[in-house]
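Now for the letters of each chain:
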There are 2 protein chains.
Amino acid sequence: MEKKWVYLFKEGEASKKALLGGKGANLAEMTNIGLPVPYGFTVTTEACAEFYNQGEKLSDEIKAQVDECMKVIEEQSGKKFGDINDPLLVSVRSGAAISMPGMMDTILNLGLNDDSVIGLATKTENERFAYDSYRRFIQMFSDVVLSVPKYLFENVLDDAKEENGYESDTELTTEDLKKIVDEYKAIYKKEVRKAFPQDPKEQLEMAINAVFSSWNNARAITYRNIHNLSHSMGTAVNVQSMVFGNMGDDSGTGVAFSRNPATGENKLFGEFLMNAQGEDVVAGIRTPKTIDELGDIMPEVYAQFKEITENLEKHYKDMQDIEFTIEKGKLFILQTRNGKRTADAALRAAVEMVGEGLITKNEALLRIEPSSLDQLLHPTFDETTMVEAEALTKGLPASPGAASGKVYFTAHEAVAAVGKGEAVILVRKETSPEDIEGMNVANGILTARGGMTSHAAVVARGMGKCCVAGCDEVRVNEEAKEFTIKGEKFVEGDTISLDGSTGKVYKGSIKTVEPNLSGNFAQLMEWADETRTLKVRTNADTPVDSETAVRFGAEGIGLCRTEHMFFDEERIPEVRKMILSETVEQRKEALEKILPMQKADFKGIYKVMKERPVTVRLLDPPLHEFLPQEEADIKALSDDMNVSIEKMKEVINSLHEFNPMLGHRGCRLAITYPEIAVMQTRAIIEAAIEVNAEEGVCIKPEIMIPLAGMKTELEYLKGIVENTVEDVIAEKDGKLEYLVGTMIEIPRAAVTADEIAEVSEFFSFGTNDLTQMGFGFSRDDAGKFIGEYIDKEILPRDPFQSIDQAGIGKLVEIGVNLGRKTRNDLKIGVCGEHGGDPESIDFFYRAGLDYVSCSPYRVPIARLAAAQAVLNNK
Amino acid sequence: MEKKWVYLFKEGEASKKALLGGKGANLAEMTNIGLPVPYGFTVTTEACAEFYNQGEKLSDEIKAQVDECMKVIEEQSGKKFGDINDPLLVSVRSGAAISMPGMMDTILNLGLNDDSVIGLATKTENERFAYDSYRRFIQMFSDVVLSVPKYLFENVLDDAKEENGYESDTELTTEDLKKIVDEYKAIYKKEVRKAFPQDPKEQLEMAINAVFSSWNNARAITYRNIHNLSHSMGTAVNVQSMVFGNMGDDSGTGVAFSRNPATGENKLFGEFLMNAQGEDVVAGIRTPKTIDELGDIMPEVYAQFKEITENLEKHYKDMQDIEFTIEKGKLFILQTRNGKRTADAALRAAVEMVGEGLITKNEALLRIEPSSLDQLLHPTFDETTMVEAEALTKGLPASPGAASGKVYFTAHEAVAAVGKGEAVILVRKETSPEDIEGMNVANGILTARGGMTSHAAVVARGMGKCCVAGCDEVRVNEEAKEFTIKGEKFVEGDTISLDGSTGKVYKGSIKTVEPNLSGNFAQLMEWADETRTLKVRTNADTPVDSETAVRFGAEGIGLCRTEHMFFDEERIPEVRKMILSETVEQRKEALEKILPMQKADFKGIYKVMKERPVTVRLLDPPLHEFLPQEEADIKALSDDMNVSIEKMKEVINSLHEFNPMLGHRGCRLAITYPEIAVMQTRAIIEAAIEVNAEEGVCIKPEIMIPLAGMKTELEYLKGIVENTVEDVIAEKDGKLEYLVGTMIEIPRAAVTADEIAEVSEFFSFGTNDLTQMGFGFSRDDAGKFIGEYIDKEILPRDPFQSIDQAGIGKLVEIGVNLGRKTRNDLKIGVCGEHGGDPESIDFFYRAGLDYVSCSPYRVPIARLAAAQAVLNNK
């Protein structure tokens, strides 16, 4: 039997991708599910191999099969190739099994010649269109098939416009175009030394040859080398009849979605134009009609289209985005693909499709991009108002949400303005812990410096507050209380708006819409919770944050940072006294005053969390962060504390570090100042005993020692913690279970986790620091080169946003394995920024962690991502 | 047969440590090799167990065996326990298998009572001595055996002195002492409610009981718990007869070394006093005689002693430090141990002992502490002058050697002063790369801040230049050109002296002695080279350093830092222009000017190193290190470069980093500014091709890319290097082999070394940075807490000085194993400070490295340590 080199679309099938190429297999699939796809056929990848076997020539056998298929198409369409009355025109496209740049471009309207162009003019009643198509076809064919330089053709076009004083191509008349066609043919003849082929079959054969040849052009070979693709796969060629929506009032073209892509409503949504080509819909010269109106104009076509869209959804099990053309009353589907949609629409469609029996719960869970949920949890700008808004500049989308307000430049002034009832946007070069209060009261934060994990970004995300960070074009002059964007000046009190989800900054105020957590959201979360095995905790430092997180489904606190509590206006003086103490006694005295405040914080948090686990981290940041930096603040503090300015500066100076990230912080503080650990332990334990008694609950605090690198550090500090707990329990005559564990955030801790686990009763990976130290990247400085690293493909993405699985992830895996070797039931979590990143969550699931902890607003994301991790790793 | 509970020294043997305790086994050994050790016996650790079995009582069997042994001693010594004429006195000491604090103290002169004190007085012809010994014995016995508070006795003594108006104990007369003895006995009776035991046997039994009881006192139990020692081992008790050197003119006491401990000369060396106790030799009231004079006074005893010392050396195979006493013409050896010695003496003795057939070459190699060689390679202060010198203060012994000179406070002034022929000590708060020139010309460097791995320390060691760093008490005022030490002021031009081996700082000038590398040094090094398998390279950046290192035996350069070359006065302006460039073109132009200079450096180094391998590291430090910091320098530079001060400051500011150690440095620079790597590669390769042609050698440069964390970084840069090399080779029409490798100094690189090795042709561990990032310790800041960590036993030692084998070492092992998994012949070295540390070298040997690289002056140390590593791990 003769080998089959060419397949009509209806002869192919989706599974034959290697033979038919991706595009060919897809066209076959669409044809087979009964879609009215324009007729066509595919010349196989085997034919491509054969082409090379024959010395880059099509064998007679293949040519014969192509001819045969063309005949079938002529029959099906009732048109004839090259016909002067009703010509069949085709497109020719390459299509390898894996899509690849460098391959031949599409050729449209193949089959046009001096005869058929008249047929096209008649049928479309548009002579100008026909000749314009012809001249385009000649240029494209010459360029793509024979490499005739494009500029030769462009020159002719430019000359014609200049002669006639035209500004644009559209001014060219039919007569102009006819002349141009002649000149194009002359160019072809001169360059190719042959007349432009008038025989459509010859055109087709040349085009197929060109596609096959392009498989081995330099660009395609390089691409395959880089991506390790086999050179022997070959490409297929797809030949498909052209259809025209501009063949009169019974023709038309349009685009539609099977459901509303903005809301997800299960109702056909789209628009179309009668007697028009696809470009006309996009060009916006004529106003398209809504898809419903097609029902009035062509009820049968509309009914057919509706049925098709329903079948398509059933087939692809997802909302479809469909391009269609009606040629003389006959509907053709040109393309269908899964439709892009808003987070709202995605959620509604997924949940409703489960209800409709179209997809399973698991499919619904996998259908939603976890990060997209973030859009649902924050205020957003009102869509209608947004149409008019134009962004002034764009920074990093550091923390989602939308906010408008008057700009203020210091935390102090922000607090004062909010006190007067103003809505405030805090604008800073960059933020520091001193700004916490101001950030807390502001509606949004804008910084000129810092990356996605800068102080501003991390804190804002934790607060669920809108933040645009690292906005280079914003030049802030904090002293003058003004900033400029591209020369435009903004002063204190001017109103701006921030979109933390896009990073865009707007002038003036924009209306915002509050999030509406509909039943669909709750439904999806319920399914996620049924599926996931990873627990989801939150990073929260206050009762308010804890409440938000619990509302979003947090199952505990994975990281309660005690230092944020230290910046409160009432407390900071005592904290500073503690730091400036010259003797242990002075330090203890200051700590005595901090104790009741810190205890009250913990009581507040425990009361919210009830029996959900709470992990409290002992003091972590270097002490200098608590001291004032500005001259005036230093003076105020030294007056207040009755210490000379010189003395104050000396202390501040002595706390200066060259590399604070690698300096005197974390458990190193507690080792040199054990009395701080004693005070904090006391606050944690006293609060727990008291709340247990008051509320009748059974809180079991988890005390977390930060930045340990060695077992010996933990031994020393666990001893101090245990002695303190014993003291408190004895004083209170109480009873309490508690755990002492550590963060694994130092590379040395990861590789000696077996030793660490001898002392530590739980692990929490601090992947921010682990990334900093594991990579040797300061997250405050890496912004200078990480962008270039990503551009040069040295890094696939910012490792502070999504964990570097191959390297930092390996340290995590080593830590997990060694830790569990010592304690096989060791509870292990992660509390870095990565705890809220879906890709990282997939990794943590595979690495065997028990929980992730993330900022409150990322809890729903983490719940969904954790469910997806289970489904994706089945 | 009756169980043996008590062993005479001559019945024991060295191997019975568990039974006899460490001290007992040692006394048995000395006795068995024929030394005249004072007679005695050991009550075994088994007797201790039995003591507890019997409810803390000595069994009759044990008591009987003790009695029997006492009789033997009486016979041997010809004295009688408690005798009024010639009493036998004994010492009682505890001695467990492992020495341990908390056990009972020594009791001396047991056996003294109201009778025997008279005998002691008669025999020593010194009644005062006898009663003083008696009162001391009563106090010690009461305190140690019965816990009578010491202060009760001290009060009596103080009262006696006060009554008589004495200032010191020595003024007490015999009569005073007799009265005191009576009062002491009264105290005993009052406290113990029994008379002081006059029966020596009773004294002995009580003392043995007390030793056994002390095994279970609280302090000893705690110690064993902490150190994981078994509580069931028990302790032994040693009872030994006392001998007296003050029994007349035929008695005496002294200390001698079997060889000269200062020079190593094989000649008896020591001193003695006739008719004296050991304390008298130490007290310095009478001037001791040299040991030779004993030959004149007591020729037979001298001959016996000489023979004994020779036998001791043969037995212990090492120089001995021996305490002896002559009692009535009879020689007793009280103690012998390996003698402490200078590095010179150790070297000479070890080499000569091999010649004498006393020890093997391997034993000689193991006998020398590698670090001690450092003393032999640098100038030292003349010993005779030193006697008078008094140290002003003490800092860290950052780089060995001794130097005197006039103090200057800036590199610039130091250079000028040296130009005028002055000897200079550069004094700075801390040094920075800008000071290199000044450090280079100075005789020594003193800094107020910085640790053992501070810039000053590292650079000075590299230069083999004396440096005292981190000298807290030195308050430097660089602007006023002065410093103070404990209030004493020193100004520019004042002379001071530094001892970099001790860290001491002296006022004025001290004579120095040049090192004399004798034949013994060369001999030992030859043996080391025959033994070791690790290669030893050097870290050298200049031809001069390279020459020094080759002289010390370096087999190649493991680290040539190209940035040090950038600080040259001629070059720094071009380097700064390069940094301040706004376009790639400007940068290339500046680099063009640097190229010939850098090429000249490499040619100079290649000419010294010939065919020894040279590893050149591409630019590593952050660019801001090359820019001026001081206002005046910034102004000068901006004038010079015709750039506004504002612009200059802006650039300097923009290069500021929060954590420069984790910032834009190492290969990150070459990735953002590839043109720097191109220039450096060109210099390396052009130089090699030219020197190969000029000298007829075959240099194969090793280009080392610093701070890589990812395979992709290396791929990118290796591509740039390879393209450049191809260009140069084509231009020069030359031929050259070369390697491209990387440093493994980022934790991520260590754990992904299998991937890294796909690109990297060799590895060099940068354990300084690996320690910084692996521990999360900035070496510039860790000084603040590392001391406390060591005090609190959280760290055993400074991990920047000796590699942390359990943690950072594990990263090294992971890196070696993964790297060799990809390339099984991968050449791996280390070029951090640890490359010159003996303990670290032992680790690197075990980890399977091919070479270590260290500063020139540590090359001999590394050669010896590498030999010891082979011998110690056989």
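Calculation rules
Along every chain, residues carry numbers that run from 1 in the direction the sequence is written. Here the convention is simple: chains get letters from A, ligands get numbers from 1, in the order in which they are written. Only residues with pLDDT of at least 70 are given local features in this predicted model, and only at 80 or more are side-chain atom pairs given and counted; all residues enter the totals for whole chains, interfaces and linings. Only hydrogens and water are set aside when side-chain values are computed; all heavy atoms of the structure are taken into account. A strand pair is defined by DSSP finding two or more bridges across the two strands. Under the DSSP-based scheme used, a helix requires at least four consecutive residues in state H or I and a strand at least two consecutive residues in state E, with every element numbered from the N terminus. Working convention: axes come from line fits to C-alpha atoms, limited for helices to the stretch in contact. Angles between N-to-C directions cover 0 to 180 degrees. UniProt positions are given in the numbering used here, feature names are shortened, and annotations may be inferred rather than shown by experiment. What makes a nonpolar core is a set of buried Ala, Val, Leu, Ile, Met, Phe, Trp, Tyr and Cys residues whose side-chain atoms join them at distances within 4.5 Å. Exposure is judged per residue with a 1.4 Å probe applied to protein chains only, and the accessible area is read against the type maximum: over 50% gives exposed, under 20% gives buried, and values in between give partly exposed. Only Phe, Tyr and Trp rings take part, Trp by its six-membered ring, and two of them pair if their centres are within 6.5 Å. Stacked means planes under 30 degrees apart, edge-to-face means over 60, and tilted covers everything else. Polar contact criterion, stated in full: a pair of N or O atoms within 3.5 Å, where within protein one must be able to donate a hydrogen and the other to accept it, and residues adjacent in sequence count only if both atoms are side-chain atoms. We call a pair of cysteine sulfur atoms a disulfide when they lie within 2.5 Å. Salt bridge, as used here: a side-chain nitrogen of Lys or Arg that lies within 4 Å of a carboxyl oxygen of Asp or Glu. Where a domain begins and ends is set by an automatic assignment or by a domain database. We call two residues in contact when some of their heavy atoms are within 4.5 Å. Accessible-area loss on putting two parts together, using a 1.4 Å probe and summing over both, is the definition of buried area adopted here. A least-squares superposition brings the copies together, and it is based on the C-alpha atoms of residues with pLDDT no lower than 70 in both.

**Student:** Pulling in residues and values, what's your account of the sheet that holds strand β21 (residues 482-485) of chain B?
**Tutor:** Picture the strands of a sheet paired through backbone hydrogen bonds; they go either parallel or antiparallel. Residue and element names in this part refer to chain B. Taken in spatial order, the 3 strands make up an open sheet running β20-β21-β22, and their pairing is antiparallel. This sheet does not close on itself; its edge strands, each paired only once, are β20 (474-477) and β22 (488-491). Within the sheet, the average angular offset between the axes of one strand and its neighbour, ignoring direction, is 20 degrees. Examined bridge by bridge, β20 and β21 share 4 bridges and lie antiparallel to one another. Note on β21: the bridge partner recorded for V476 is F483.

**Student:** Which residues make up the UniProt feature "domain: Pyruvate phosphate dikinase AMP/ATP-binding" (unreviewed entry) in chain A, and what are the values?
**Tutor:** Under the feature "domain: Pyruvate phosphate dikinase AMP/ATP-binding" (unreviewed entry), the UniProt entry names residues 58-290 and 304-353 of chain A. A distance of 22 Å separates the end C-alpha atoms of residues 304-353 of chain A, which is 48% helix and 34% strand.

**Student:** Which residues make up the nonpolar core, and what values go with them?
**Tutor:** If you look at the biggest cluster of nonpolar residues, it comprises 282 residues, and the most contacted ones within it are F777 of chain A together with F777 of chain B. Core analysis: the next-biggest nonpolar cluster, separate from the first, contains 70 residues, A130, F137, A210 and W215 of chain B among them.

**Student:** Before we move on, can you summarise the packing of aromatic side chains with the specific residues and values?
**Tutor:** All names here are of chain B. Taken as a whole and assessed by the stated rule, the structure comprises 43 aromatic pairs over all chains. Aromatic pair F51 and F212: ring centres 5.4 Å apart, planes at 45 degrees, arrangement tilted. Of this pair, F51 sits in helix α2 (residues 45-53) while F212 sits in helix α8 (residues 200-214), placing them 161 residues apart in sequence. Across this residue pair, the class does not change: F51 and F212 are buried.

**Student:** I'd like a description of the sheet that holds strand β27 (residues 557-561) of chain A, backed by residues and values.
**Tutor:** Residue and element names in this part refer to chain A. Taken in spatial order, the 8 strands close into a barrel running β26-β27-β28-β29-β30-β31-β32-β33, and their pairing is parallel. Direction aside, the axes of adjacent strands within the sheet are offset by 25 degrees on average. Pairing analysis gives 3 bridges linking strand β30 (residues 739-744) to strand β31 (residues 762-765), with the strands arranged parallel. Counted as the bridge partner of I744 is F765 from β31.

**Student:** Which residues make up the side chain of S853 of chain B, and what are the values?
**Tutor:** Residues and elements named next belong to chain B. Relative to the elements of secondary structure, S853 occurs in strand β33 (residues 851-854). One polar contact links the side chain of S853 to the main-chain carbonyl oxygen of T538, over a distance of 3.0 Å. One polar contact links S853 to N539, side chain to side chain, over a distance of 2.6 Å.

**Student:** So what about the state of the cysteines? Which residues, and what values?
**Tutor:** Enumeration according to the criterion identifies 0 disulfides over all chains in this entry. Of the cysteine sulfurs around C466 of chain A, a residue in no disulfide, the closest is that of C467 of chain A, at 7.2 Å. Accessibility expressed as a relative area gives 3% for C466 of chain A, which makes it buried. The thiol sulfur of C560 of chain B is not disulfide-bonded, and the nearest other cysteine sulfur, from C831 of chain B, lies at 11 Å. Judged by its relative accessible area of 0%, C560 of chain B is buried.

**Student:** Give me the lowdown on the pattern of salt bridges, citing residues and values where you can.
**Tutor:** All told, the structure shown has 121 salt bridges over all chains when counted by the stated rule. The salt bridge involving D318 of chain A is made with R341 of chain A; its shortest N-O contact spans 2.8 Å. Of this pair, D318 of chain A sits in the loop between α12 (299-316) and β11 (320-327) while R341 of chain A sits in the loop between β12 (330-338) and α13 (343-355), placing them 23 residues apart in sequence. For D318 of chain A, a relative accessible area of 6% gives the class buried. Under the relative-accessibility criterion, R341 of chain A is labelled partly exposed at 23%. Between D321 of chain B and R337 of chain B there is a salt bridge whose closest N-O contact spans 3.5 Å. Of the two residues, D321 of chain B sits in strand β11 (residues 320-327) while R337 of chain B sits in strand β12 (residues 330-338), which places them 16 residues apart along the sequence. Relative accessible area serves as the criterion here: at 11%, D321 of chain B is assigned to the buried category. The network of salt bridges with shared partners includes K599, K603, K607, R682, E686, E690, E694, E731 and K732 of chain A.

**Student:** Can you lay out the domain arrangement of chain A for me, pointing to particular residues and giving the numbers?
**Tutor:** It is common to give the size of an interface as the accessible area that goes away when the parts come together. Split into domains, chain A comes out as domain 1 (243-341), domain 2 (379-513) and domain 3 (532-622 + 657-872). When each unit is reduced to the centre of its C-alpha atoms, the spacing between domain 1 of chain A and domain 3 of chain A is 55 Å.

**Student:** How would you sum up the interface of chain A and chain B? Please name residues and give values.
**Tutor:** Taken together, the contacts link 52 residues of chain A with 52 residues of chain B. Of the roughly 4400 Å² buried between chain A and chain B on both sides combined, carbon and sulfur atoms contribute 59%. R748 of chain B is paired through a salt bridge with D804 of chain A; the nearest N and O atoms lie 2.6 Å apart. Inspection of the region where chain A meets chain B yields 32 residue pairs in polar contact (both at pLDDT 80 or more).

**Student:** Report on the relation of the copies chain A and chain B, specifying residues and quantitative values.
**Tutor:** What connects the two chain copies is a rotation about an axis and a shift along it. Superposing chain A onto chain B takes a rotation of 180 degrees plus a shift of 0.2 Å along the axis, which leaves an RMSD of 0.2 Å. Those values place the two copies in the arrangement expected of a two-fold rotation axis. Interface overlap between copies: 100% of the residues of chain A at the interface are likewise at the interface in chain B, consistent with a symmetric, same-surface contact.

**Student:** An account of the pairing of β31 of chain A is requested, with residue identities and associated values reported.
**Tutor:** For a regular strand, the rule is simple: side chains alternate between the two faces of the sheet. Residue and element names in this part refer to chain A. Of the two faces of β31, the one holding F762 and S764 and the one holding F763 and F765 are both buried throughout. With 4 bridges joining them, β31 and strand β32 (residues 827-830) adopt parallel strand pairing. When the sheet's bridge partners are listed, F765 is paired in β32 with V830.

**Student:** Explain the pairing of β12 of chain A residue by residue, including any values.
**Tutor:** Residues and elements named next belong to chain A. In terms of strand pairing, β11 meets β12 through 8 bridges, oriented antiparallel. Residue pairing in the sheet places I322 in a bridge with T336 of β12. The loop that links β11 with its antiparallel partner β12 comprises 2 residues; one of these, K328, has a positive phi angle of about 50 degrees.

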